[in-house]
Amino acid sequence: DVYKRQLLFHAGVKFEDVRFKPEEWPKYKDKFDLKQVPALEVDGKILTQSYAILEYLGAKFGYLPKGYDKLYKAMFIMNTAEDIFMKAYMAVMPNSPLDAKSKEEAQKKLLDCLLYTS
């Protein structure tokens, strides 16, 4: 996941970036909570869930703001960006699982979301 790699690079942390080929995944998936990636192994413990990992790394390396109000604002921005990204993916990406009518509805939702958050 790009955010986690960027954070680790910026923090100057050396890490091994392991990516699975689709045909390799079945033999590894039972190793992970919810049988999904992204995942991060830290001191022999495997962490999963994108935002949980990102928040963990942010806290560990001093990237999270101090104070509840500032932390809320940072998490609000991150989650809003993710919402917009997912709406954009569903609306415009060629490999979106939506049929044409659903994709058109997703495009309207994306536009509404962009207009609302601007």
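The preceding data block contains the structure.
Residues numbered from 1 in each chain as written. Predicted model: local features only at pLDDT ≥ 70, side-chain atom pairs only at ≥ 80, totals over all residues. Heavy atoms only, no water.

As for the overall build of the protein
To be explicit about the condition: To qualify as a helix, a DSSP run of H or I must reach at least 4 residues; to qualify as a strand, a run of E must reach at least 2; elements of each kind are numbered from the N terminus. In this description the radius of gyration comes from C-alpha coordinates, and the expected globular size is given by 2.2 Å times residues to the power 0.38.
The helix and strand tally for the protein stands at five helices and two strands. For the protein, the succession of helices and strands along the chain, N to C, is α-α-β-β-α-α-α. By the compact-globule yardstick of 13 Å for 118 residues, the protein is too spread out, its C-alpha radius of gyration being 17 Å. Seen through its principal axes, the protein has C-alpha atoms that stretch 45 × 45 × 20 Å.

Overview of the pattern of salt bridges
We count it as follows: Here, a salt bridge means any Lys or Arg side-chain nitrogen found within 4 Å of an Asp or Glu carboxyl oxygen. Think of it in three bands: with a 1.4 Å probe and only protein chains considered, a residue is buried below 20% of the maximum accessible area for its type, exposed above 50%, and partly exposed in between.
With the rule as written, the count across this model stands at four salt bridges. Between Arg19 and Asp17 there is a salt bridge, and its shortest N-O distance comes to 2.9 Å. Note that Asp30 is salt-bridged to Lys35, the shortest N-O span being 3.2 Å. Owing to a relative accessible area of 57%, Asp30 belongs among the exposed residues under this scheme. Connected through shared salt-bridge partners, Arg5, Asp17 and Arg19 make up one network.

A look at the nonpolar core
One recurring pattern in soluble globular proteins is that nonpolar side chains are buried together. Filter applied, for reference: Nonpolar cores are built from buried Ala, Val, Leu, Ile, Met, Phe, Trp, Tyr and Cys residues. Side-chain atoms within 4.5 Å join them into one set. Only heavy atoms matter for contacts: two residues are in contact if any of them lie within 4.5 Å across the pair.
Counting eight residues, the largest nonpolar core consists of Leu7, Leu8, Leu40, Val42, Leu47, Ile53, Leu54 and Leu57. Only α1 (2–10), β1 (39–42) and α3 (50–60) provide two or more residues apiece to this core. The leading source of residues in this core is α3, at three residues. The contact partners of Leu40, leaving out residues within four places of it in the chain, are Lys45, Ile46, Leu47, Ile53 and Leu57.

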